[in-house]
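The chain contents come next:
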Amino acid sequence: MLDKIKALHAQIEAATAANGEEAEALRIKYLSKKGEISQLMADFRNVPAEQKREIGQAINELKNFATERINMLRDAAEAASACASAAALDLTRTPAPSAMGTRHPLSLVREEITSIFRRLGFSIADGPEIEDDWHVFSALNFAEDHPARDMQDTFFIGTSPEVVLRTHTSSVQTRVMEHTQPPIRIICPGRVYRNEAISARAHCFFHQVEALYVDRNVTFADLRQTLLYFAREMFGPDTQIRLRPSYFPFTEPSAEMDISCNLCGGKGCSFCKHTGWVEILGCGMVDPNVLSACGIDPEVYSGFALGMGVERIANLKYRVNDLRLFSENDVRFLDEFTAAR
Ligand code: DAH
């Protein structure tokens, strides 16, 4: 029996384990209930009485030795595998960027527009999206039967024809002029609503920026120079502008402004329908009727106003050809503006 104990001792001393499972296999082989050492203990019954002490001691020592050795092998195997996975980490790698939100393209464009006007001394004015007929239409010199009041364009709230969702940010002009005497120099960014079927080219809500300047001796030349400055700041120093006569109830004279096509530089391309020009905003000298309606004396003061669509400017800047992308919030679209200012 002592020989058997010695042989087992030698076996265990020579055993190795490459990983935790191999160490566990050793434990089962030697130390489990049916393992070799338990077997020795079972055979211990048959040992003659005079050898019991010596052999009993030898078995105990073997058991302790086996327990310690196998634990040691298991710990070493586990430590080695932890080291191996640490070695697989490349600590020099650039960390993966954490996903950051992006600015919405309409916010980028709105802020660019407002910052250009702020540099000219305009301050920001705000007004409600749910408006009354007076601020959206009547004070702005819309005749009673003007087609823009028609159900086609305007969303009415409830059954009253008086309460509407504003169809343009010109309503903020009315509100400011009612409460402020000139000089007035404001810019009004905001959302507007029109009863349009949603398509790539039209939406039932969109965004505008309105500008208004009222003071003594404000002339059409001031308007034109402001427009030129704006166009060049927004679209680059080579941009040309062109004013075409137009009609708006609240301005007289009224004009629409085109800029030289910023895609082909004015040479003509499919984007500008080979004209070299693209339309970007409406403008004009504030109609004296509007000044009077708001309590400003048109004999003393004059002013200019202009209004533009933010989506329109964003389309020119970023060539987004489907308006719906602006309100669907598809992350694949929004992510394209990560690098934008
Ligand atoms: N309110 C006009 C619209 O929604 C845009 C506009 C045109 C605003 C001329 C103005 C202006 O201030 O002078 O179509």
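Caption draft 1: Structural view of unusual backbone geometry. The amide bond that connects Pro182 to the next residue, Pro183, takes the cis arrangement and shows omega of 5 degrees. Along the chain, Pro183 turns up in the loop between helix 7 (170-179) and strand 4 (184-193). The phi torsion at Asn141 lies on the positive side, around 70 degrees, for a residue other than glycine. Although it is not a glycine, Arg319 sits at a positive phi angle of roughly 55 degrees.

Caption draft 2: Region of the structure containing the pairing of strand 6 (residues 241-248). In this sheet, strand 7 (residues 251-260) lies alongside strand 6 in antiparallel orientation, the contact comprising 7 bridges. Its bridge partner being in strand 7, Phe248 is matched across the sheet by Thr251. Taken together, strand 6 and the strand that follows it, strand 7, pair antiparallel across an intervening segment of 2 residues.

Caption draft 3: Looking closely at the domain arrangement of the protein. Taken domain by domain, the protein comprises domain 1 (2-88) and domain 2 (105-340). The centre of domain 1, based on its C-alpha atoms, is set 87 Å off from the matching centre of domain 2.

Caption draft 4: Structural context of a nonpolar patch on the surface. Nonpolar side chains collect at one region of the surface, where Ile130, Ile157 and Val163 lie side by side and expose about 220 Å² of accessible area between them. Structurally, Ile130 can be placed in strand 2 (residues 130-132). Residue Ile130 is classed as exposed on the basis of its relative accessible area, which comes to 51%.

Conventions we followed
Residues numbered from 1 in each chain as written. Predicted model: local features only at pLDDT ≥ 70, side-chain atom pairs only at ≥ 80, totals over all residues. Heavy atoms only, no water. Helix = DSSP H or I, 4+ residues; strand = E, 2+ residues; numbered from the N terminus. Pairing = 2+ DSSP bridges. Domains from an automatic or database assignment. Patch = residues over 30% accessible without salt bridge, like charges linked within 9 Å, V, L, I, M, F, W, Y side chains within 5 Å. Areas by Shrake-Rupley, 256 points an atom, 1.4 Å probe, with all protein chains shown as cover. Salt bridge = Lys/Arg side-chain N within 4 Å of Asp/Glu carboxyl O. Buried < 20%, exposed > 50% of the residue type's maximum accessible area, 1.4 Å probe, protein only.

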